[in-house]
Amino acid sequence: MSDNDVAVVRSKPRSSGAPPGPPAGAPAPRPERARRGIGNTIRSRERWAALSFMSPWLIGLLAITVGPMVASFYLSFTDYSLGYGEWVGMENYQRMFDDPRLAQSVKVTAIYTFVSVPLQLGAALLLAIVLDRGLRGMSFYRSIFYLPSLLGASVAIAIMWRQVFGTEGLVNQLLALFGIQGEGWVSHPDYALGTLILLHVWTFGSPMIIFLAGLRQIPTMYYEAAKVDGAGVMRRFVSVTLPLLTPIIFFNLVLQIINSFQSFTQAFIVSSGKGGPADSTLFLTLYLYDQGFTQFNMGYASAIAWLLLAIIAIFTALNFLMSKFWVFYGDND
Amino acid sequence: MATTTKTRPQAPARRSSERSAVSGGLKRFVFHLVLIIAGLVMIYPLLWMLSASFKPLDEIFSDPGLIPSTWEWSNYSEGWNALPHPFEKYIFNSMILVAGSIVGNLVSCSMAAYAFARLRFPMRGMLFAVMLGTIMLPIHVVIIPQYILFNNLGWVDTFWPLIVPKLLATDAFFVFLMVQFIRGLPRELDEAASIDGCGYWGTYLRIIMPLCMPALATTAIFTFIWTWNDFYSQLIYLRDVDLQTVPLALRLFMDSTGTTNWGALFAMSIVALGPIFGFFLAGQRYLVRGIATTGIK
């Protein structure tokens, strides 16, 4: 799309600047040169304009993104701590191997991501398919299911979650109606992470909306053709809907995995910033915050940040590699 | 949930010819029933929190229902004044951040987007790819040097570290959103403007921006919600109690008195969710479009 765009744009001045056949007469070269000169000034004006339009973004890119990124990489080889620091080589990275809390935080983050993302996307897909039937009141249902994902990132919701899954919280009150004595879910090391996973699944609304948009794109004629061929409901779902939806599933998967590796707020609030109980909700991001901003081991925290980036990059790359085997892109798109 | 397997996964063309109206009606009824139950399960915690914000304390821990036995409006007044500052102070601080972020994003992101979508310049393709890459870059990778930078500038415990990046279009997601939108506008408009003597800035201000209103609205709404909800960077940069925002105030509330006064804490949580809910009701069209066209929440 963007390539086309560029090609179209470029072809214009070229065709006007150099007329196809050089005319037989003598005065041909002169106007050509003159025209090219005008073209150059226009182009350079355009470049200056582009630079001025881009300058806030460019400054931001250098000062707020790329610069700090380079600095962060450098810091990860120092023992920097607000104001002073020395080069320590690979020490921060070696330290990771004998840091049980780091190992725990990688484990917690991995479990969180690999359990919550499939559940969340499954729920999103299921509801999208149900809502796509064009029932009356569909937009109302869509709003209801979407609302939690809009609110889910806020501190207020994390506070609510903490109470809902507390010892005397809403869940246990409801369980008590059936005579079941529930645990204090958020304060039990075996269940605390589960409540956060549930919170993530609860916010399936935004992938659901992406799925809905994807379902709209599937031409009805495919279903009609399948029907003529005698395909049943399940068959049509498996052979038509799913393959055509795989690019959207893939897109959501990449995005949600990247996002959930970076989750912070909910775990921070539910565990009062400590990642407890017994480090069972110590996300990598929480550990990074603890090292960098409460203990001010900023060198080590930078190394943790690069570990996080490496993990995300590896899983995103794996995702793309694996996509060859299951993502279906139409032949003539 | 079992009913979903029986659905026809097909949107528009529905023919009820083969089936009798009665069984179709029944099926539809079951569908609505399942959806209503699922929807209720989804939002029940929210409704319950709303009702709990009016409940006396002992009832919060004993009544899973939605109707308070007595309406404790005092939860709200207590919560409002439970912290070092009255709650409007935190709302005010959050609003400053929100306003600065919205202005910053609208101006800087639309400028960069216009250049990417309409102007020719060297390395455009590469810079565009870099821009897309920064959308995915985890904030955690840059937050420490950013903190050191802003600390050296003396900006920690001011609003600058939270607003200046927006003025520099670091929310690249919105640049992307607007590039997509501007590409959809007919180029003939630009050409007509240029023939009429409009320069690049004139075209940007008088042609592109007015036509970009839907994308600008999406940007403004998302910026509002993200800034209002943002906790991580505010936690890092705003430690001064005079500068604390709504999310920080809630956290402070919960860690200090919250566990003994859930009613008041819930009341302030409802206050914190209110504006987002308002935008959800008013701007849903833009939100849904923003998600559906770019795929990022």
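Keep in mind that this is a model prediction, so the values were computed, not measured. (Residues numbered from 1 in each chain as written. Chains lettered and ligands numbered in written order. Predicted model: local features only at pLDDT ≥ 70, side-chain atom pairs only at ≥ 80, totals over all residues.)

Q: Lay out the overall build of chain A in plain terms, naming residues and giving numbers.
A: When helices and strands are counted, chain A shows 14 helices and zero strands. For chain A, the N- to C-terminal ordering of α and β elements is α-α-α-α-α-α-α-α-α-α-α-α-α-α. Of all 333 residues assigned to chain A, the portion counted as buried reaches 39%. Counting contacts in chain A only where the partners sit at least 6 residues apart, residues at least 24 apart contribute 68% of the total. (Helix = DSSP H or I, 4+ residues; strand = E, 2+ residues; numbered from the N terminus. Buried ≥ 20, exposed ≤ 12 C-beta atoms within 10 Å, placed from the backbone. Contact = placed C-beta atoms within 7 Å.)

Q: Describe in detail the overall build of chain B, supporting the description with residues and values.
A: Helix and strand content of chain B: 14 helices and zero strands. Taken across its 297 residues, chain B has 40% of its residues classed as buried. By sequence separation, contacts in chain B at least 24 residues apart represent 75% of the contacts at least 6 residues apart.

Q: Describe in detail the nonpolar core, supporting the description with residues and values.
A: The nonpolar side chains of a soluble globular protein tend to be buried, and buried together. Ala128 of chain A together with Ala112, Ala113, Val175, Met178 and Leu250 of chain B are the most contacted members of the largest nonpolar core, which has 154 residues in total. Among residues more than four places away in sequence, those in contact with Ala128 of chain A are Met208, Phe211, Leu212 and Leu215 of chain A. (Core = buried A, V, L, I, M, F, W, Y, C linked by C-beta atoms within 7 Å.)

Q: Could you give an account of unusual backbone geometry, naming the residues involved and the relevant values?
A: One non-glycine residue with positive phi stands out, namely Ser272 of chain A, at about 55 degrees. In this fold, Ser272 of chain A is placed in the loop between helix H12 (265-270) and helix H13 (284-294). Exposure remark for Ser272 of chain A: the 14 C-beta atoms within 10 Å place this residue in the partly exposed category. Although it is not a glycine, Asp157 of chain B sits at a positive phi angle of roughly 65 degrees. When you line up the elements, Asp157 of chain B lands in the loop between helix H6 (139-152) and helix H7 (160-167).

Q: I'd like a rundown of the interface of chain A and chain B, residues and numbers included.
A: The interface of chain A with chain B comprises 82 residues on the first partner and 76 residues on the second. If you tally residues by element for the side of chain A that touches chain B, the top one is helix H2 (residues 29-75) of chain A, at 18 residues.

Q: Account for the environment of Ser72 of chain A, naming residues and giving values.
A: Structurally, the position occupied by Ser72 of chain A is in helix H2. In the structure, Ser72 of chain A is positioned 226 residues away from Met298 of chain A in sequence and 9.2 Å away in space, judged by C-alpha atoms. Discounting residues that sit within four places of it in the chain, Ser72 of chain A has contacts with Ser302 and Ala305 of chain A together with Val141, Val142, Ile144 and Pro145 of chain B.

Q: Please set out helix H8 (residues 172-183) of chain B residue by residue, giving values where relevant.
A: All names here are of chain B. With twelve residues, H8 ought to run about 16 Å at 1.5 Å a step, and its terminal C-alpha atoms sit 16 Å apart, in line with that. Across the twelve residues of H8, ten count as buried, placing the element largely inside the fold. All of the buried residues along H8 are Ala172, Phe173, Phe174, Val175, Phe176, Leu177, Met178, Val179, Phe181 and Ile182. (Expected span 1.5 Å × (residues − 1).)

Q: Mind laying out the confidence of the model for chain B, listing which residues take part and the relevant values?
A: Residues and elements named next belong to chain B. Across chain B, the average pLDDT comes to 86, with 89% of residues at 70 or higher. Here residues 1-19 is modelled with pLDDT under 50, and outside its nearest four sequence neighbours on either side it reaches 33 contacts, counting other chains as well. Scored by ipTM, the complex comes to 0.85, with pTM at 0.85. (pLDDT = per-residue confidence, 0-100.)

Q: Explain the packing of helix H5 (residues 138-151) of chain A against helix H9 (residues 205-216) of chain A to me, using residue names and the numbers behind them.
A: Residues and elements named next belong to chain A. Contact geometry of H5 with H9 gives a least axis separation of 7 Å together with a crossing angle of 130 degrees. Classified by the angle their axes make, H5 and H9 are oblique. Each of Phe145, Tyr146, Leu147, Pro148 and Ser149 in H5 lies in contact with H9, whose residues at this interface are Gly205, Ser206, Met208 and Ile209. Of the residues contributing to the contact of H5 with H9, the split by class is six nonpolar, three polar and no charged. (Axes fitted to C-alpha atoms, helices over the stretch in contact; angles between N-to-C directions. Parallel < 35°, antiparallel > 145°, perpendicular 65-115°, else oblique. Nonpolar A, V, L, I, M, F, W, Y, C, P; charged D, E, K, R; others polar.)

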